[in-house]
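These are the residues of each chain, in order.
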Amino acid sequence: MNLILMGLPGAGKGTQAEKIVSEYNIPQISTGDMFRQAIAKQTSLGLEAKTYMDKGELVPDEVTNGIVKERLAESDTTNGFLLDGFPRTLDQAQSLDEMMQDLGKRVDAVIEIRVPEDVLVERLSGRYICRNCGATYHKLFNPTKVEGTCDRCGGHDFYQREDDKPETVRNRISINMKNSEPILSYYENKGLLHSIDGNREINEVFAEIQQILDK
């Protein structure tokens, strides 16, 4: 079973990926892991990717696609895999189809976890930090025991990192939405896309994913 997992930042992809990998005994393949592995093994593509990464530049598609193809050809993907973070562009999605054809495989399903934008902003912008001792909290998931007072040091001065602020988070989500729309349309036209409501309890979301995958 060869799967692609999609969803905006904060949608809960990581949590569901862990559950899928555990339940179906397939490897989770993320772009970051692939790059690190290729660099560690000092493959020619890994070393080429490193030259771009060291300069803080984006790794070109042909290098990324080559690394993905090498990873998908490894023996642990015989019974399937879960791709996370790839494809990121329509060109990459089309290249993935060619790779799969070359490897004698196919994408079986694309799972998209959908969560309303306002909920994502609330999830992602809820983090705040004690200025005195650095303890980290979250308005929804990990609030202080006493409102306005740090559990660790008793301080009352909190701040948010720039990238956790609602306007920054909203901008990030907007960019991600724009980038993912052509990819989602591509897989929808192929009849592979399954959109799931991610604004529910974790096990409810996974139960629906299981229903789709078990078919």
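Calculation notes
Residues numbered from 1 in each chain as written. Predicted model: local features only at pLDDT ≥ 70, side-chain atom pairs only at ≥ 80, totals over all residues. Heavy atoms only, no water. Axes fitted to C-alpha atoms, helices over the stretch in contact; angles between N-to-C directions. Helix = DSSP H or I, 4+ residues; strand = E, 2+ residues; numbered from the N terminus. Contact = heavy atoms within 4.5 Å. Nonpolar A, V, L, I, M, F, W, Y, C, P; charged D, E, K, R; others polar. UniProt positions renumbered as here; feature names shortened; annotations may be inferred. Salt bridge = Lys/Arg side-chain N within 4 Å of Asp/Glu carboxyl O. Buried < 20%, exposed > 50% of the residue type's maximum accessible area, 1.4 Å probe, protein only. Phe/Tyr/Trp six-rings, centres within 6.5 Å; stacked < 30°, edge-to-face > 60°. Lys NZ or Arg CZ within 6 Å of the ring centre and 35° of its normal.

The N-to-C vectors of helix 5 (residues 90-103) and helix 7 (residues 166-189) enclose an angle of 35°; their axes lie 8 Å apart at closest approach. Residues Leu-90, Ala-93, Gln-94, Leu-96 and Asp-97 of helix 5 lie in contact with helix 7, whose contacting residues are Pro-182, Ile-183, Tyr-186 and Tyr-187. Taken together, the residues of the contact of helix 5 with helix 7 sort by class into seven nonpolar, one polar and one charged.

A word on the UniProt feature "binding site: Zn(2+)" (unreviewed entry) in the protein chain. The residues that UniProt annotates with the feature "binding site: Zn(2+)" (unreviewed entry) are Cys-130, Cys-133, Cys-150 and Cys-153. Of the residues just listed, which span 24 residues, no C-alpha pair is farther apart than 8.7 Å, and they cluster in one region. With respect to the element layout, Cys-150 can be found in the loop between strand 6 (136-138) and strand 7 (158-159). If we skip the residues at most four places from it in the chain, Cys-150 touches Cys-130, Cys-133, Ala-135, Tyr-137, Thr-144, Gly-155 and Phe-158. As for its placement among the helices and strands, Cys-153 is situated in the loop between strand 6 and strand 7. Those residues within four positions of Cys-153 in sequence are excluded, and the remaining contacts are Cys-130, Asn-132 and Cys-133.

A complete count under the given rule lists 20 salt bridges for this structure. Asp-33 is the salt-bridge partner of Arg-36, the closest N and O atoms lying 2.7 Å from each other. A residue pair is termed a helical-turn pair when its members lie 3 or 4 positions apart in one helix, as Arg-36 and Asp-33 do in helix 2 (residues 31-40) at three residues. Judged by its relative accessible area of 54%, Arg-36 is exposed.

Within the structure shown, the criterion is met by four aromatic pairs. Relative to Phe-158, the ring of Tyr-128 has its centre 5.4 Å away and its plane inclined at 80°; by these criteria the two rings are edge-to-face. Placement of the pair is Tyr-128 in strand 5 (residues 127-130) and Phe-158 in strand 7, with a sequence separation of 30 residues. Within the aromatic cluster, the residues linked to one another by ring pairs are Tyr-128, Tyr-137 and Phe-158. Directly above the ring of Tyr-52 sits Lys-55, whose terminal nitrogen or CZ lies 5.7 Å from the centroid.

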